[in-house]
Amino acid sequence: MRVLLVEDDALLGDGVRAGLKQAGFAVDWTQDGQTAKLALETEEYAVMVLDLGLPKLSGTDLLKWLRGRKSKLPVLILTARDTVVDRVAGLNAGADDYLIKPFDLDELIARLHALLRRSVGQVTQTLQHGDIQLTSSTHQVSKNGQTVELSAREFTLLHELLLHVGRVQSREQLEQHLYGWGEEVESNSVEVHVHHLRRKLGAELIRTLRGVGYVIDKEASRS
Amino acid sequence: MNSLRLRLILLLSVGLGIAWLVAAWFTHAESQHEINRLFDAQLAQSAQVLLGTTRHELHERVEHGEDEIPVSHEYEQKIAFQIWDESDLLLRSTLAPVTAMASDKEGYSETIINGEPWRVLTRWDARHEFMIQVAEPLVGRESLARHITLKMLLPTFIALPVLALLIWFSVGAGLQPLKLLKQEVKQRTANRLEPLAMIDVPEEVAPLAQALNDLFARLQQAFEGERRFTADAAHEMRTPLAALKIQAQVALRSTDEAERHIALENVLRGVDRATRLVEQLLTLARVDPETAAIGYKQVDLHGLAATVMADLEPLAHAKQIEMLLDDGLACHVSGDDAQLSLLLRNLLDNAIRYTPAGGHVTVTLRNSNGVTLEVRDTGPGIAETEREQVLQRFYRISGSGEEGSGLGLSIVRRIAELHGAKLELSNNEAGKGLLAKVSWPSS
């Protein structure tokens, strides 16, 4: 899942980027509102983490601009101001959720997952497909009740495919969810991750459409 | 004496007392004067009657024996008289001495008979044959005058305590607005400093109430500033703390040794940054206007600059920045050397921080038309639009890559202001780099 992180503080931005990457997010990090605006115009994101006190273009203005474009992108704001007025202003400007600094990395990740679930109309945090179960908040995947160890990228890939069951995801689309800016995309990486997933979860789970992409087919009948 | 009421009462009582005494003196003088006139007239009448009656007995020496008639009225006076024919005493009353009571000149005079003062009237008959002298003791007049005065003033004398009581209560009532004001002021606390209502405040108290209101306004402003500063400071701490927490969590979770190492180093950087922020906050709090000017002495800016530059040399050396101190003359200003050293340290620290490696930081001191301290660097300078903002607390220039506290220039400005100096920021004459100028007016 591709996240746009907009945070002007170098140390905090770096920490959040590293933390989200550990959790399997692909993170693009910008330090000012203007660059964030540019990124939003050119790239697809699943969610945005936005600091309100930004140079050049404030977080609130960026949000207003975003909502003015009828974008439904889930936005979580980070703020140092904790008065009700500040929080209400952020939510009114179009934020979906907020965290007050200093915050917990786990909470940030959990809230981002919640926002993502809501944005795809999914209520529970567990995705079920046949005998495979994926819990996004805990990063756990099990097959027949047995926990399967997956790397962060494998998890993200499976998560993406399970979120869009029956719809083919192109290799580029999947790569976007796996890698943030400045991260080197290893060639064949999607193929490699799919290969690992098939080995761990069963060869028939993911179907390859040569030259098009990958898909997890809808279950023919509920077992 | 600290009680307004007591003071008023005392003043009023003393004033009333004096007024009463003056009135008494006037009454007494006036009644004495009238009594004198009355009694003198009586004396004249007696002389007239005596002259008339004694005419028939001319040349007969009659010596009256026991002619004292008992006093029948309290104001009835004893009367003595003598009738003379040239130097012969023809007739005299028992109370009268055998010698003349006064000179033979017509008119009133006073004399001492038997040790008591008497009033004597000397009269001659129409043909200038007989002289009559009628006398009467003065004691009666004096006591009568005193009596009249006392009788007249007695009611006021009795009224005085009543008056004092009335004064006591009216002064209390008159001071009521002050009492109300006191209660109003007493209700004010650090959190409740709204101005006093100026309606119903008597004009004598109005200036005091106005002064209090002004004080309240200033206090409120000071408290407001303090509160805002605390809030700002707390908020400023949140971002470094958030960074610390996240970096620590990243380090904890990382399975990659290199990544963990970077995160831990970031934690240390974060701690350094938070420490610096706290130190700067404390510095700003310590640069207190209360302590200003009292302990000021002559400080040699040149020597101070040399010391601070020596302290910062390692920092400059690490970035290969050359520091220069122009002009060898001593420049004296009145001030606090610790604070001025802080001012220099912040200016130089900023200059070193924002100047790229291999640059120059130059300090120039001038002592003509007031002392001027200039710190020039070869950094990026500050855009004109941001020059005012950088002096605000916690303002940081974006994209500078430096993690300052955002307080350095606030501290410099505060210290400069306390020393009566002015801080100006501009870009270097050469077009590149910042020029920070602190100027003292010529005294």
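Up top is the structure these notes are about.
Remember, it's a predicted structure, so these values are computed and weren't measured experimentally. (Residues numbered from 1 in each chain as written. Chains lettered and ligands numbered in written order. Predicted model: local features only at pLDDT ≥ 70, side-chain atom pairs only at ≥ 80, totals over all residues.)

Caption draft 1: View of the overall build of chain B. Across its full length, chain B carries eight helices and 13 strands. Of the contacts formed within chain B by residues at least 6 apart in sequence, a portion of 63% connects residues at least 24 apart. (Helix = DSSP H or I, 4+ residues; strand = E, 2+ residues; numbered from the N terminus. Contact = placed C-beta atoms within 7 Å.)

Caption draft 2: Spotlight on the pairing of strand 9 (residues 332–335) of chain B. Residue and element names in this part refer to chain B. Alternating positions in strand 9 separate cleanly, Val333 and Gly335 being buried on one face and His332 and Ser334 remaining unburied on the opposite face. Two elements, strand 7 (residues 297–300) and strand 9, share four bridges in a ladder whose sense is antiparallel. Counterpart to Gln298 in the pairing with strand 9 is Ser334. (Buried ≥ 20, exposed ≤ 12 C-beta atoms within 10 Å, placed from the backbone. Pairing = 2+ DSSP bridges.)

Caption draft 3: Examining the interface of chain B and chain A more closely. With 21 residues of chain B at the interface, the matching set in chain A holds 20 residues. If you list the elements that add at least two residues to the side of chain B that touches chain A, you get helix 4 (206–253) and helix 5 (257–286) of chain B. By residue class, the composition of the side of chain B that touches chain A is six nonpolar, nine polar and six charged. (Nonpolar A, V, L, I, M, F, W, Y, C, P; charged D, E, K, R; others polar.)

Caption draft 4: Structural view of the nonpolar core. With 65 residues, the main nonpolar core has Val3(A), Val47(A), Val49(A) and Leu50(A) as its most contacted residues. Ranked by the residues each element gives to this core, the list is headed by helix 4 of chain B, at six residues. In this view, Val49(A) contacts Val3(A), Leu5(A), Val6(A), Val16(A), Leu76(A) and Leu78(A); residues no more than four positions away in its chain are not counted. (Core = buried A, V, L, I, M, F, W, Y, C linked by C-beta atoms within 7 Å.)

Caption draft 5: How the structure looks around the sheet that holds strand 11 (residues 207–209) of chain A. Residue and element names in this part refer to chain A. Taking strand neighbours across the sheet as the criterion, the three strands line up as 10-12-11 in an open arrangement whose pairing is antiparallel. Where the open sheet ends on each side, the last strands, each with one partner, are strand 10 (169–170) and strand 11. Bridge analysis of strand 11 against strand 12 (residues 213–215) gives three bridges, and the strand direction is antiparallel. Opposite Leu209, over in strand 12, you have Gly213 as the bridge partner.

Caption draft 6: Expanded view of the sheet that holds strand 8 (residues 140–143) of chain A. All names here are of chain A. Strand order across the open sheet formed by four strands is 6-7-8-9, with antiparallel pairing between neighbours. Where the open sheet ends on each side, the last strands, each with one partner, are strand 6 (126–129) and strand 9 (146–148). Strand-to-strand twist of the sheet, defined as the mean angle between neighbouring strand axes without regard to direction, takes the value 25 degrees. Sheet topology note: the strand 6/strand 7 (residues 132–135) ladder contains four bridges and is antiparallel. Bridge pairing in strand 7 links Gln128 to Gln133. The strands touched by helix 6 (residues 152–163) are strand 6, strand 7 and strand 8; relative to strand 7, the strand with the most contacts, the crossing angle is about 110 degrees. (Axes fitted to C-alpha atoms, helices over the stretch in contact; angles between N-to-C directions.)

Caption draft 7: Quick look at helix 2 (residues 139–174) of chain B. All names here are of chain B. Over its 36 residues, helix 2 extends 49 Å from the first C-alpha to the last, a length consistent with the 52 Å expected when each residue adds 1.5 Å. At Leu153, helix 2 shows its maximal bend, which comes to roughly 45 degrees, and the proline Pro155 appears one to four places after that position. Where helix 2 is concerned, the buried positions are Arg141, Ala145 and Thr149. For helix 2, the elements touching its buried residues are helix 1 (4–54). (Expected span 1.5 Å × (residues − 1). Bend = angle between axes of the 7 residues up to and from the residue.)

Caption draft 8: Focus on the packing of helix 6 of chain A against helix 8 (residues 189–201) of chain A. All names here are of chain A. Running from N to C, helix 6 and helix 8 cross one another at 85 degrees; their axes reach a closest spacing of 10 Å. Here helix 6 is positioned roughly perpendicular relative to helix 8, judged by the angle of their axes. For the pair helix 6 and helix 8, contact is made by Arg153, Glu154, Leu157 and Leu158 and by His193, Val194, His196 and Leu197, respectively. When its residues are assigned to classes, the contact of helix 6 with helix 8 shows four nonpolar, two polar and two charged. (Parallel < 35°, antiparallel > 145°, perpendicular 65-115°, else oblique.)

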